[in-house]
Each structure stands twice: as C-alpha cells, then as structure tokens.
Amino acid sequence: MITPNRHYAELKDSYLFYHIAQKTKAYLASHPEAYLYRLGIGDATRPLCPAVIQALHEAVEDQADITRFHGYMPETGAPFLRTAIAEQYRSRSVDIEDDEVFVSSGASDELGDILDLFDRSSSALVIEPAYPAYVDANVIAGRRIVHLSSGRENGFLPDPPENKHADLLYICSPNNPTGAVFGREQLKKWVDYANAHEAVILFDAAYEAFIEDTEVPRSIFELEGAKTCAIEICSLSKTAGFTGTRLGYTVIPRKLIRDGMSFNEMWIRNRTTKTNGVSYIIQKGGAAVFTSEGQLQIRENIQYYKENARILMKALDKTETWYCGGKNAPYIWLKCPDGMDSWTFFDTLLNEVQVVGTPGAGFGKCGEGYFRFSTFGSREDTAEAARRLESLLG
Ligand code: PLP
C-alpha cells in the first residue's frame, strides 16, 4: 500500500472562514430580510484597470493571428514582464536584475512551491498572528515550526529572537492580519539575524503597494545585506485586482547562496521541471500594470480602498478603540471591547449591527482578543458599517 503524506493529519482544521460562513448563513436563515456589511474577506472588489483590460484584449487578438501567436512561454516568465518588473524596482533605486525576477501565478502558489528549495530538516519561524498558509505549508512538508508571538507591546512587530535559531524566516510586511509594517531599522535587525544565522527570509510583500509612508521599505532589498539572505514574494492580486486573474512574481537574488548552492539557479531548475510558465495573455495584462498609465490607474483603486480604511479608522478613533494598520495596509486590527474574546465579538457584531469581520483567534493563539477588518469592500457598505460600529462601540 502506498504511504500517504501523514503530515496532512497534523493540519489544524481550516475552520476560520468556514466557521464564519456557517455563522453568517445561519444568521441569514433566521433573519431573511437582513443585509450584512461584509468586512471579512481580503478579496479585491474593484475591477481591473482599463490599461490592463486593453492589454488583455490585444493579447487575445495576438493568439488569433498566426504571425503573433504564442505557444509555451518561458517557465521563468516572459522577458517583457521580467524586465518591466525589474525596472519598477530599479526606478525606486532597488538594484534588481531581470534574471533575478521570476513570474508566478500568484503569491499563494509560490509560498507553497518555494519550500522545494529547502531541506525538510530546516525549521521555519512564523511571526504570529500570521497568514495561515505559512504554518500549513510547512506542516505538510513535515518541518519544525518555531512560533514567535507578537502583541500590542511591540506593535505586532517583534525583533528576532536572539536565543532561538530558525532556518526559514517568514516576514509579512505590510502584515496580514495586523496591518503592521516594519520600519527600516526593525527590518534591518531581521536581515542581520538572517545573515548571522545563515537563514533565509521569505519576505511576503503582497501588500507593498499600500505603503504610503516614504520611509517604510516596500521591498526587503531596500536594506543593505538583504541580497545574501532574502527571497521576496509579490503579487498583483491586491496591487492591481488580479485575485481572479492570477499573477505574481518572486525575486531571488543571484547572491543568495547556501552551502555553495545558488537558490536562483535552483529555482530555474525547479520551474523548468514543475511548470510550463504563466499564460501569455495574463502576462501581457500584467505588464500593463507597470506602464505609467497602468500605475496611475491602479493607484486610483488603491486610493479607493484607502479611503475605506480612513472611514473605519475615524470611527475607531471616535470610540477610542485601540487598533493598528489601516494606514500602510488594507487591514485594520483592533482590540475587542470590554475584554471580549474574538468569536464573542464576531457574534456581537453580527447579531447587533450586522457587520461581518474576522476573529483574530483564527490567525494564531496571540490573535485572541483582537479582530480584523478588511478595507476591500464597497464604499457604501464600509461607510454604513463604520456608522454602526460607532453606535455599538461609542
Ligand atoms: N500573502 C498574503 C499575506 C496574503 O494575504 C495573500 C492573500 O490574501 C497571499 C499571500 C496570496 O496572494 P495571491 O492571490 O497572489 O495568491
């Protein structure tokens, strides 16, 4: 009999969004006339921008013409897109070469696949509360996980643990779920720790486009020493509304070497073995994001979400509720009122003001007592939810 990967049995039930869906369904069944204000899910709601739509249409036409038709694309990404992405870094004075950029189908795929580069005996450090995929992907691979709690005392931005070693270090900034962002000095401590421990940072920059403070790093490669210890995983999902279109990119510097092995070269080998590249049409659409027109248009959508954040933050300020995030991130992370646990607060919001959010307990133990609001909803729903929150918490 074939032996299954028994580590699947060690996974905790992915009960968070399932449980939320069950509770909202039950509420609607008993209140069929009710309308719910959903600030739970982190999915884009603004459509793709016109520059992307036009590029997608043109690419479809290319596929209909024998002289412009494209078959298999290079496994590491189309040169036109790798160059456009690398140029975007270079325009911000981050010196990235075209061949250090790998096009992907999104950050989730990469966060799972990239683990092929590391031995299963290596340990993975996860700063919690955390995006659940970091822990789950490593549980499936049978890796030892070092949980590092963060909290209000350090603004959910902990320093590296000087007395602990880990090989793979997950850093998500701007963070999902807390919305916290690492400043330059704090991030430099992690870079120094990683180099000293010969570890590798997996820097999840899925929300970098939401950073508005100019002194906050948008890429880990803005920091000296990062090229010898970090991989950056990025996505157009939230930057440009590609959650359903699927496109991302990963940067692996050529200087990233452990035990004489180049991770950049290993990833080329991995991609040529395990993928046949991302669709030509989608890559053409993605390249339009990096044109000056595309950049202006995606900014408009990001500003829309940011205005939602401002509306919610204003309500929380008025009610003197503690929160972080919202400014440089599309998530707001707040302390539940009156010492409530996060599922009790979920029920209170649902039953009393018909607002749906995400209980912090779903992101790790230290998320208990906190709650996440997403700012990806519609303006009307967000504004009404803010009014209702103000009346409940005020
Ligand atoms: N990383 C973080 C922190 C996320 O929140 C998400 C999606 O919500 C992803 C990665 C996955 O992004 P993608 O849509 O590119 O797979």
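Residues numbered from 1 in each chain as written. Predicted model: local features only at pLDDT ≥ 70, side-chain atom pairs only at ≥ 80, totals over all residues. Heavy atoms only, no water.

Asks: Is there a simple way to explain empty space enclosed by the protein in this structure?
Replies: Regions of empty space are outlined by a rolling probe, equal in size to a water molecule, passed over the atoms. Evaluation of the coordinates by the stated rule reveals four cavities of 30 Å³ or more. The volume enclosed by the largest cavity comes to roughly 90 Å³. Lining the largest cavity are 14 residues, with Ile127, Pro129, Tyr170, Cys172 and Asn175 sitting closest to its centre. It is strand S5 (residues 168-172) that contributes the most residues to the lining of the largest cavity, three residues altogether. When the residues that make up the lining of the largest cavity are grouped by side-chain class, the tally is 10 nonpolar, four polar and no charged. (1 Å grid on protein atoms, 1.4 Å probe; cavity = no way out; pocket = protein on both sides within 12 Å on 5 of 7 lines; lining within 4 Å. Points joined across faces, edges and corners; volume = space filled by probe spheres on them. Helix = DSSP H or I, 4+ residues; strand = E, 2+ residues; numbered from the N terminus. Nonpolar A, V, L, I, M, F, W, Y, C, P; charged D, E, K, R; others polar.)

Asks: Looking at this structure, I do not really get the side chain of Thr348. What am I missing?
Replies: Mapped onto the elements, Thr348 comes out in helix H11 (residues 342-353). Setting aside its immediate chain neighbours within four residues, Thr348 contacts Met340, Val353 and Leu392. (Contact = heavy atoms within 4.5 Å.)

Asks: Even after reading the chapter, I still don't get the pattern of salt bridges, so can you show me in this structure?
Replies: A side chain of one charge can pair with a side chain of the opposite charge when the charged atoms of the two come close. Summed over all chains, the structure comprises 20 salt bridges. Across the pair Lys318 and Glu390 runs a salt bridge whose closest N-O atoms are separated by 3.6 Å. Residue Lys318 is found in helix H10 (residues 292-318), and its partner Glu390 is found in helix H12 (residues 379-393); the two are separated by 72 residues along the sequence. Among the residues examined, Lys318 registers a relative accessible area of 56% and is labelled exposed. Through salt bridges with shared partners, a single ionic network connects Glu212, Asp213, Lys306 and Lys327. (Salt bridge = Lys/Arg side-chain N within 4 Å of Asp/Glu carboxyl O. Buried < 20%, exposed > 50% of the residue type's maximum accessible area, 1.4 Å probe, protein only.)

Asks: Looking at this structure, how should I read the domain arrangement of the protein chain?
Replies: One frequently used descriptor of interface size is the decrease in accessible area upon assembly of the parts. Splitting the protein chain by domain gives domain 1 (12-48 + 294-393) and domain 2 (50-290). Taking the mean C-alpha position of each, domain 1 and domain 2 sit 26 Å from one another. Each side of the interface is counted separately: domain 1 has 30 residues, and domain 2 has 40 residues. For the pair domain 1 and domain 2, the summed buried area comes to about 3,000 Å², and 59% of that belongs to carbon and sulfur atoms. Sorting the residues of domain 1 by area buried against domain 2 places Leu48, Asn328 and Phe363 first, and these three jointly supply 25% of that buried surface. For the pair domain 1 and domain 2, the number of links is three salt bridges. Here Lys327 ties to Asp213 by a salt bridge, and the two come within 2.5 Å at their closest N and O atoms. Applying the counting criterion to the domain 1 and domain 2 interface returns 14 residue pairs in polar contact (both at pLDDT 80 or more). Elements represented by at least two residues in the side of domain 1 that touches domain 2 include exactly H10, strand S11 (323-325), strand S12 (331-335) and strand S15 (370-374). Of the residues that constitute the side of domain 1 that touches domain 2, the class distribution is 15 nonpolar, nine polar and six charged. (Domains from an automatic or database assignment. Buried area = accessible area lost by both parts, 1.4 Å probe. Polar contact = N/O pair within 3.5 Å; in protein donor to acceptor, adjacent residues only side chain to side chain.)

Asks: Is there a simple way to think about the site of the ligand in this case?
Replies: Around the ligand, 15 residues are found, and the nearest of them are Ala107, Asp204, Tyr207, Ser235 and Ser237. Contacts to the ligand include Ala107, whose backbone N or O atom sits 2.7 Å from an oxygen atom. Taking 400 Å² as the accessible area of the ligand by itself, protein coverage stands at 92%. Comparing atom positions with the cavity grids shows the ligand to sit within the second largest pocket. (Near = heavy atom within 4 Å. Areas by Shrake-Rupley, 256 points an atom, 1.4 Å probe, with all protein chains shown as cover. Sits in = over half its atoms within 2 Å of the grid points.)

Asks: I keep staring at the state of the cysteines and nothing clicks. Help me out?
Replies: Note: disulfide means a covalent bond formed between the sulfur atoms of two cysteine side chains. Evaluated as defined, the whole model comprises zero disulfides. The structure places no disulfide on Cys324, whose sulfur is separated from the nearest cysteine sulfur, that of Cys366, by 12 Å. Take Cys324: its relative accessible area is 13%, and that puts it in the buried class. For Cys336, which is in no disulfide, the shortest distance to another cysteine sulfur is to Cys324 and amounts to 13 Å. Exposure remark for Cys336: the relative accessible area of 3% places this residue in the buried category. (Disulfide = S-S within 2.5 Å.)

Asks: Hey, could you run me through H11 in this one?
Replies: Think of an α-helix as 3.6 residues a turn; residues three or four steps apart then line up on the same face. Its 12 residues place the ends of H11 16 Å apart at the C-alpha level, agreeing with the 16 Å of an ideal helix rising 1.5 Å per residue. Restricting attention to buried positions, one finds in H11 the residues Ser342, Trp343, Phe345, Phe346, Thr348, Leu349, Leu350 and Val353. (Expected span 1.5 Å × (residues − 1).)

Asks: Looking at this structure, I do not really get the layout of surface pockets. What am I missing?
Replies: By volume, the largest pocket is sized at about 790 Å³. Residue lining of the largest pocket: 26 residues in total, with Lys12, Val135, Asp136, Gly362 and Gly364 positioned closest to the centre. For the lining of the largest pocket, the elements supplying multiple residues, two or more each, are helix H1 (15-30), helix H5 (133-140) and strand S4 (144-149). Shared between two domains, the lining of the largest pocket takes at least three residues from each, and those domains are domain 1 (12-48 + 294-393) and domain 2 (50-290).

Asks: In this structure, what is going on with the sheet that holds strand S7 (residues 230-235)? I would like to understand it.
Replies: Sheet strands pair by backbone hydrogen bonding; their relative direction is either parallel or antiparallel. With respect to topology, seven strands assemble into an open sheet ordered S2-S8-S7-S6-S5-S3-S4, the strand pairing being mixed. The strands lining the two open edges of the sheet, one partner per strand, are strand S2 (101-104) and S4. Taken pair by pair, the neighbouring strands of this sheet meet at an average axis angle of 20°, ignoring direction. When strand S6 (residues 200-204) meets S7, the two strands line up parallel, connected through four bridges. When the sheet's bridge partners are listed, Phe203 is paired in S7 with Glu232. (Pairing = 2+ DSSP bridges. Axes fitted to C-alpha atoms, helices over the stretch in contact; angles between N-to-C directions.)

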